Amino acid sequence: MSNLTLTAARLHRRNLLLGAAALTGLSACSKSQTSSSNGGAITLRMSWWGGTSAHKATLNALQLFEKRHPHIRVRGEYTGFTGHLERLTTQIAGETAPDVMQINWYWQTLFSRDGEGFTDLNQYKNEIDFSQFDARTLSMGTTAGKLNALAISNAARLMYLNKTTYDKSGLSLPDTWDSLFARGPQFKAKLGDAYYPLDGLFQDFIALARSYIVQKTGKALVNSETKSLNCTRADMHEYAGFYAKMIRDHVWPSAQVRASYGYLPQQEMRPWINGEFAGTYQWNSAIEKYTDTLAGKQEVALAPYPMRPGATDAGLLYRPSMMFAVNAKSQHPRESAMLINFLLNDPEGVRAMETKRGVPVSKAAQKILRDDGLIGKLQQDSEDMLARLPINVLESPYFEHPRVRDGFQDILEAFGYGKITLEQAGDALYDDINAILHRVIR
Amino acid sequence: MFNDKKIGSLYVAPFVIGFLLFTAFPFVASFVLSLTDAQLQDQLGSANFTGLQNYTEMGRDATFQKSLGVTFFYVFITVPLKLAFALFIAVVLNFKLRAIGFFRTAYYLPSILGGSVAIAIVWRFVFAGDGLINQALEIIGITGVNWLGEPNTAMFSIILLRLWQFGSAMVVFLAGLKAIPEDLYEAADLDGASRVRQFWMITLPLLTPVLFFNFIMQIVQAFQEFNGPYIITGGGPLKSSYLLPLMIYEEGFKYFNLGYSSALSWVLFVIIAVFTAIAFWSQKHWVFYAQDREDKNGGAQK
């Protein structure tokens, strides 16, 4: 059997798993699988995704938790990120999901649109020290008054630039939009055609341009209530113009240049590795993944965040990067809450987890790690910047819906390849994205 | 203890269970799903029966139409080229050359590696803007081509990946060539037929059953191509390599539209079935089975 048929078979198998759980009544007998207790001993299941170092740190933390609570066993179920959502979806559909789950902020809209999809953690005030979390963090995990998920760390997209390349060009890191625009031609003149002051996938660009527009409007770009864009047609024309300018002025590699490397992550592209694409607009929680792949001794620095004159909001996508939630059907929600508190607030748990999931949101955890010197410079710089910048606008999670993102990409790409004019791109961004939002927000 | 019947059933049980569980059930389930608005993240019970809505939706879905066009283009270019190339190499390798075993192995190797993810990644590197091919072109003073960055050449790169895996078709052709009796060629030699004429009058007609088999296999495989576009181009640029299997995957597992995704798989299934049926129907006009000619009473065509 070729790989293709294998893939097809896998697709079918997914259907089967979903189907088998729901149709053949397997779900009924597996309910008790969520967790089990015998003779006073309790077994919890906890799932997460991550890299090897995160796995090791978490397993270590779970052992410490078991030592503290000898009557509780915790079984870890961990994978890489690829396929994790599909797996969790299948488990939730089949009612075999673990007690404690690491989830993405956005997944709340998938699994708990009414706030009933996960356990309401507000019921466990004695188990979890909520005073370590600010109101904003708690609100990001709340749906319909129910605290569904607690943030592990926060993440925002910031501008990280290759300082080595900038030094080579003799230019300073840009600190305004205008100086960023100016770096394009300057890079081209001083370093050559292959060098760009900033780069990223379409999805990165789409977020950057959003920030540029939100700084002007002072409102989230998407309104979940009206299922539409929260800006004018003229704003979307400006959005398109922003892309056109970035490409024309050599600030951001064109669609053709980027596509010439094939379909692969930015940090695996040769021009990023050797410093020709000298910047990324990236989640602070993920930046180490990018600095890891740089060749030789190159340094990445956090650039001042560009602000439009008069802007009252930085327009950042700022939200929990990972969260813990408890299965709504868990047999042991209290013990699950204890485990979450141990991992997020307890000195032992915090020291075991380190910053493997980013800099923790919990104030107690931050203090412990800072005192231990476990927070890196780039991470600390990012935290400090996020504390300084005005961030009041909360973007709708639907802005990051894959269909919405692909909608933006298709239009920008069509413009980039000269299939549509700038005028048409602006109109399409307004009309098509509104249509997509109307379709995906249910 | 066990009678033969029971033991027999026991032996076939793994296959039967596997078939029912992993082939028959999903096959039926996907059709049922295709008639609903099922979302991957929801309980299946909450899906609504929507009849043929998913199928009529395709008529309005520009992405589907683009994807369908691209898929047909891919199949129509890939299959004939690959068959021709495989046949050509098979004929060459059928000559009595020195170290023929080595050449046969060498040409077959890509097929063993072919469909794998690793080869697709290598392919991406070979065709990248700064990849192997452009580096080589540069050495001889030719400006590189943006293989993966332009719609036409991106598709070309994906097609070439499939063509390169001609080995399995070639081996089948080779077996077919070996089965052609030598005396036919000797007789043709005596009659003064040239090599080219021998190929058209003897080799090709006697090879049609093998050609037919390869044709069906290649059509089925080409319509299901996934790894190449998924890894090399991600379906781009401008959806120029967005083959239907890739769309099925993204609808299901990126956009969570299980219902629509299932409907798309059924459309692909029907397309493949129709092409296979046409091939079977047409074979009486072009596929030559030796025993048909021996059967003097006729009418018993395969």
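Residues numbered from 1 in each chain as written. Chains lettered and ligands numbered in written order. Predicted model: local features only at pLDDT ≥ 70, side-chain atom pairs only at ≥ 80, totals over all residues.

Focus on the overall build of chain A
Working step 1: When its secondary structure is counted, chain A shows 19 helices and twelve strands.
Working step 2: Here the C-alpha radius of gyration of chain A, 23 Å, is about what a compact globule of 442 residues would show, namely 22 Å.
Working step 3: Taken over the C-alpha atoms alone, chain A extends approximately 75 × 50 × 50 Å along its principal axes.
Working step 4: Considering only intrachain contacts with a sequence separation of at least 6, the fraction spanning at least 24 residues in chain A is 77%. (Helix = DSSP H or I, 4+ residues; strand = E, 2+ residues; numbered from the N terminus. Rg over C-alpha atoms; globule rule 2.2 N^0.38 Å. Contact = placed C-beta atoms within 7 Å.)

Quick word on the overall build of chain B
Working step 1: Counting its regular elements, chain B contains 14 helices and zero strands.
Working step 2: Reading chain B from its N terminus to its C terminus gives the helix and strand order α-α-α-α-α-α-α-α-α-α-α-α-α-α.
Working step 3: Each principal axis of the C-alpha atoms in chain B carries an extent, and together these give about 75 × 75 × 45 Å.
Working step 4: Taken across its 302 residues, chain B has 35% of its residues classed as buried.
Working step 5: Across chain B, every contact between residues at least 6 apart in sequence was considered, and the portion connecting residues at least 24 apart equals 68%. (Buried ≥ 20, exposed ≤ 12 C-beta atoms within 10 Å, placed from the backbone.)

A few points about helix 5 (residues 117-127) of chain B
All names here are of chain B.
Working step 1: Every buried residue belonging to helix 5 is among Ile119, Ala120, Trp123, Arg124, Val126 and Phe127, and all of these are buried. All buried residues of helix 5 lie within an arc of 160° about the axis, which places them on one face of the element. Seen from the buried face of helix 5, the exposed residues on the opposite side, beyond 90 degrees, are Val117 and Ala118. (Arc of directions from axis to C-beta.)

Overview of the nonpolar core
Working step 1: One finds Leu429(A), Ala86(B) and Phe173(B) to be the most contacted residues of the largest nonpolar core, which totals 121 residues.
Working step 2: It is helix 3 (residues 62-93) of chain B that contributes the most residues to this core, twelve residues altogether.
Working step 3: When residues no more than four places from it in sequence are discounted, the contact partners of Phe173(B) are Ala86(B), Leu87(B), Ala90(B), Leu207(B), Val210(B) and Asn214(B). (Core = buried A, V, L, I, M, F, W, Y, C linked by C-beta atoms within 7 Å.)

Considerations on unusual backbone geometry
Among all residues except glycine, the phi angle is most often negative; among peptide bonds, the trans geometry is most common.
Working step 1: Going from Gly236(B) to Pro237(B), the amide bond is cis rather than trans, its omega being -15°.
Working step 2: For Pro237(B), the position within the fold is in the loop between helix 11 (227-233) and helix 12 (244-253).
Working step 3: A positive phi angle, close to 55°, is found at Glu95(A), a residue other than glycine.
Working step 4: Along the chain, the position of Glu95(A) falls in the loop between helix 4 (84-93) and strand 4 (100-103).
Working step 5: Judged by the 19 C-beta atoms lying within 10 Å of it, Glu95(A) falls in the partly exposed class.
Working step 6: In this structure, Leu238(B) takes a positive phi of about 55° despite not being glycine.
Working step 7: Following the sequence through the fold, Leu238(B) ends up in the loop between helix 11 and helix 12.
Working step 8: Under the C-beta neighbour-count criterion, Leu238(B) is labelled partly exposed, with 19 such atoms within 10 Å.

Let's talk about the packing of helix 9 (residues 202-217) of chain A against helix 10 (residues 233-248) of chain A
Residue and element names in this part refer to chain A.
Working step 1: Running from amino to carboxyl end, helix 9 crosses helix 10 at an angle of 135°, the nearest separation of the two axes being 10 Å. In terms of orientation, helix 9 and helix 10 fall into the oblique class. The crossing of helix 9 and helix 10 is right-handed. For the pair formed by helix 9 and helix 10, the contact residues are Phe205, Ala209, Tyr212, Ile213 and Thr217 on the first element and Asp235, Glu238, Tyr239, Phe242 and Tyr243 on the second.
Working step 2: Looking at side-chain class alone, the contact of helix 9 with helix 10 contains seven nonpolar, one polar and two charged residues. (Axes fitted to C-alpha atoms, helices over the stretch in contact; angles between N-to-C directions. Parallel < 35°, antiparallel > 145°, perpendicular 65-115°, else oblique. Left-handed = near helix turned anticlockwise from the far one by under 90°. Nonpolar A, V, L, I, M, F, W, Y, C, P; charged D, E, K, R; others polar.)

A look at the packing of helix 3 of chain B against helix 10 (residues 195-223) of chain B
Residue and element names in this part refer to chain B.
Working step 1: The geometry of helix 3 relative to helix 10 is characterised by a closest axis approach of 9 Å and an angle of 145° between their N-to-C directions. For the crossing formed where helix 3 meets helix 10, the hand is right-handed. Taken together, the residues of helix 10 that come into contact with helix 3 (itself represented by Thr71, Tyr74, Val75, Thr78, Val79, Lys82 and Leu83) are Leu211, Asn214, Phe215, Gln218, Ile219, Ala222 and Phe223.
Working step 2: Here the residues of the contact of helix 3 with helix 10 sort into nine nonpolar, four polar and one charged.

Notes on the environment of Gln39(B)
Residue and element names in this part refer to chain B.
Working step 1: Inspection of the secondary structure assignment puts Gln39 in the loop between helix 1 (4-34) and helix 2 (53-60).
Working step 2: Judged by local crowding, Gln39 falls into the buried class, with 20 C-beta atoms found within 10 Å.
Working step 3: For the pair Gln39 and Phe256, spaced 217 residues apart in sequence, the C-alpha to C-alpha distance is 5.4 Å.
Working step 4: In contact with Gln39, other than residues within four places in its own chain, are Phe256, Asn257 and Leu258.

A closer look at the domain arrangement of chain A
Interfaces are often sized by the accessible area lost when the parts come together.
Residues and elements named next belong to chain A.
Working step 1: Entries for chain A in the domain assignment read domain 1 (38-153 + 320-384) and domain 2 (156-317 + 390-440).
Working step 2: Computed from C-alpha atoms alone, the centre-to-centre distance between domain 1 and domain 2 is 31 Å.
Working step 3: Taken residue by residue, the interface counts nine residues in domain 1 and nine residues in domain 2.
Working step 4: Here the side of domain 1 that touches domain 2 is composed, by residue class, of three nonpolar, five polar and one charged. (Domains from an automatic or database assignment.)

Brief notes about the pairing of strand 2 (residues 41-49) of chain A
Residue and element names in this part refer to chain A.
Working step 1: By the bridge criterion, eight bridges tie strand 2 to strand 3 (residues 72-79) in an arrangement that is parallel. The residue bridging Trp49 from the neighbouring strand is Thr79, located in strand 3.
Working step 2: Here strand 2 pairs with strand 4 via two bridges, running parallel. Paired with Ser47 across the strands is Met101, a residue of strand 4. (Pairing = 2+ DSSP bridges.)

A few points about the pairing of strand 10 (residues 279-283) of chain A
Residues and elements named next belong to chain A.
Working step 1: The buried count for strand 10 comes to five of five residues, which makes it a mostly enclosed element.
Working step 2: By the bridge criterion, five bridges tie strand 7 (residues 149-162) to strand 10 in an arrangement that is antiparallel. What sits directly across from Leu158, in strand 10, is Gln282.

A word on the environment of Leu160(B)
Residues and elements named next belong to chain B.
Working step 1: Along the polypeptide, Leu160 turns up in helix 7 (residues 151-164).
Working step 2: The exposure class assigned to Leu160 is partly exposed, which follows from the 16 C-beta atoms found within 10 Å.
Working step 3: In this structure, the C-alpha to C-alpha distance between Leu160 and Trp123, residues 37 residues apart in sequence, is 9.5 Å.

Focus: the confidence of the model for chain A
Working step 1: Scored by pLDDT, chain A has a mean of 89; 91% of the residues are at 70 or more.
Working step 2: In the predicted structure, residues 1-33 of chain A sits below a pLDDT of 50 and forms 57 contacts with residues beyond four places in sequence or in another chain. (pLDDT = per-residue confidence, 0-100.)

Details of the confidence of the model for chain B
Regions with low pLDDT should not have their predicted coordinates read in detail.
Working step 1: In the predicted model, chain B carries a mean pLDDT of 88, and 94% of its residues have values of at least 70.
Working step 2: For this predicted complex, the interface confidence reaches an ipTM of 0.85, while the overall pTM sits at 0.83.

Things to note about the environment of Ile247(A)
All names here are of chain A.
Working step 1: Summarising the element assignment, Ile247 is placed in helix 10.
Working step 2: Along the backbone, Ile247 and Gly184 are 63 residues apart, and their C-alpha atoms lie at a distance of 8.9 Å.
Working step 3: Sequence-distant contacts of Ile247, that is, excluding residues within four places in its chain, are made with Trp252, Ser254 and Gly416.

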